[in-house]
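Each chain, letter by letter, is given below.
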Amino acid sequence: MKKNTSIISILAVLIIVATGTVFGGVPLNSLDGAGGIAFNPLAYTAGNKLEDIDWITKPQLGAWYVKLSDSNISWSSYSLSLSVANRVELSYAFNLVNARDYGENSIEANSLGVKIRLLDENAFDTAWIPSIAIGAVYRHTDSATTDLFGLSHSGIEYYAVATKLITQLPKPVLVS
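In short, a report on the structure.

1. Topic: the sheet that holds strand S3 (residues 40-41)
Read from one edge to the other, the open sheet built from three strands follows the order S1-S2-S3, with strand pairing classed as antiparallel. In this open sheet, the two strands that pair with only one neighbour each are strand S1 (28-29) and S3. Direction of pairing for S1 relative to strand S2 (residues 35-37): antiparallel, over a ladder of two bridges. Bridging from a neighbouring strand, leucine 28 pairs with glycine 36 of S2.

2. Looking at the environment of histidine 153
Topologically, histidine 153 is positioned in the loop between helix H2 (144-148) and strand S9 (154-166). Taking the C-alpha atoms as reference points, histidine 153 and threonine 141, separated by 12 residues in sequence, lie 5.2 Å from one another.

3. Re unusual backbone geometry
Despite not being glycine, asparagine 86 has its phi angle at roughly 55°, a positive value. Tracing the backbone shows asparagine 86 in the loop between strand S5 (73-84) and strand S6 (88-99). Phi at phenylalanine 124 takes a positive value of approximately 60°, unusual for a residue other than glycine.

Rules used in this analysis
Residues numbered from 1 in each chain as written. Predicted model: local features only at pLDDT ≥ 70, side-chain atom pairs only at ≥ 80, totals over all residues. Heavy atoms only, no water. Pairing = 2+ DSSP bridges. Helix = DSSP H or I, 4+ residues; strand = E, 2+ residues; numbered from the N terminus.

Pasting the structure below:
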């Protein structure tokens, strides 16, 4: 039954996308909420411009579900991001990890992020320069697992990322 429900859900999403009633452009929201794909932030900022306001984008919502069947772990992520001045991205994500085989019912984590795009893709009228960004994600969890292993409940991760969409090939390729 679960397998049939998943297949029906995937088909429904494909039909919606094919009919043009939704738009799913890059970047999506990563599991940390930043504009990206799954675990990887992209150098592009999230959100589409508002029609009447140039300096802020529409909020971009994201949702992920990851199931690791062999480990009996499931991970849900819900996030929101938007960009200001077409350069600075602000993001928030709530993550819920269910790790049933490890003595922990669930781990909840909140992530706040900021990303600054330093260089636009194809800057200086070239076709080979990637978009470049730096960012930081502050994460906090109240999980007992952190106490069990003597880990901190919060911390900041920093990253730098370069992303390039190569359009000169037969099919576009995104490299980050």
